[in-house]
Amino acid sequence: MAPLDVYYRAFAQYPHAPTPPGDVVSRLADEALAARDAGFNEFIIEHNFLDTITSPDAWAAVPDAFAEVIRASRGG
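Residues numbered from 1 in each chain as written. Predicted model: local features only at pLDDT ≥ 70, side-chain atom pairs only at ≥ 80, totals over all residues. Heavy atoms only, no water.

Things to note about the overall build of the chain
Part 1 of the argument: Per the secondary structure count, the chain includes three helices and two strands.
Part 2 of the argument: Counting from the amino terminus, the chain carries its helices and strands in the arrangement β-α-β-α-α.
Part 3 of the argument: C-alpha extents for the chain along the principal axes are approximately 45 × 25 × 25 Å.
Part 4 of the argument: Put simply, 62% of the contacts in the chain that link residues at least 6 apart link residues at least 24 apart.
Part 5 of the argument: Carbon and sulfur atoms provide 56% of the accessible area of the chain, an area that totals close to 5300 Å².
Part 6 of the argument: Of note, the chain has its 5 positive side-chain charges centred 4 Å away from the centre of its 11 negative side-chain charges. (Helix = DSSP H or I, 4+ residues; strand = E, 2+ residues; numbered from the N terminus. Contact = heavy atoms within 4.5 Å. Areas by Shrake-Rupley, 256 points an atom, 1.4 Å probe, with all protein chains shown as cover. Lys, Arg positive; Asp, Glu negative; His and termini not counted. Charge placed at Lys NZ, Arg CZ, Asp CG, Glu CD.)

The structure is reproduced here in structure tokens:
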């Protein structure tokens, strides 16, 4: 039997609950590192509810803005 792939989904902004205060990138980087250390195969960042994304240019800036989270998920 093949091993189970496990994915971790993190929310930049929670859709139905208060989002924790503080810097969203730092919070997600901590979550990504913890997920990697716990053995998750993939780390998914959900941005659909992030109210600061209000234009196509804001969407285009997301990868650069969250690069620290991507590095943390890869362990570097």
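Thoughts on the side chain of Arg27
Part 1 of the argument: For Arg27, the location among the structural elements is in helix H1 (residues 24-37).
Part 2 of the argument: Assessed through its relative accessible area of 14%, Arg27 is described here as buried. (Buried < 20%, exposed > 50% of the residue type's maximum accessible area, 1.4 Å probe, protein only.)

Considering H1
Part 1 of the argument: In this model, H1 (14 residues) spans 20 Å end to end at C-alpha, consistent with the 20 Å of a helix rising 1.5 Å per residue.
Part 2 of the argument: Within H1 the residues assigned to the buried category are Val25, Arg27, Leu28, Ala29, Glu31, Ala32 and Ala35.
Part 3 of the argument: The secondary structure elements touched by the buried residues of H1 are strand S1 (7-11), strand S2 (42-46), helix H2 (56-65) and helix H3 (67-73).
Part 4 of the argument: Phi for Gly39, located one or two positions after H1, is positive at around 95°. (Expected span 1.5 Å × (residues − 1).)

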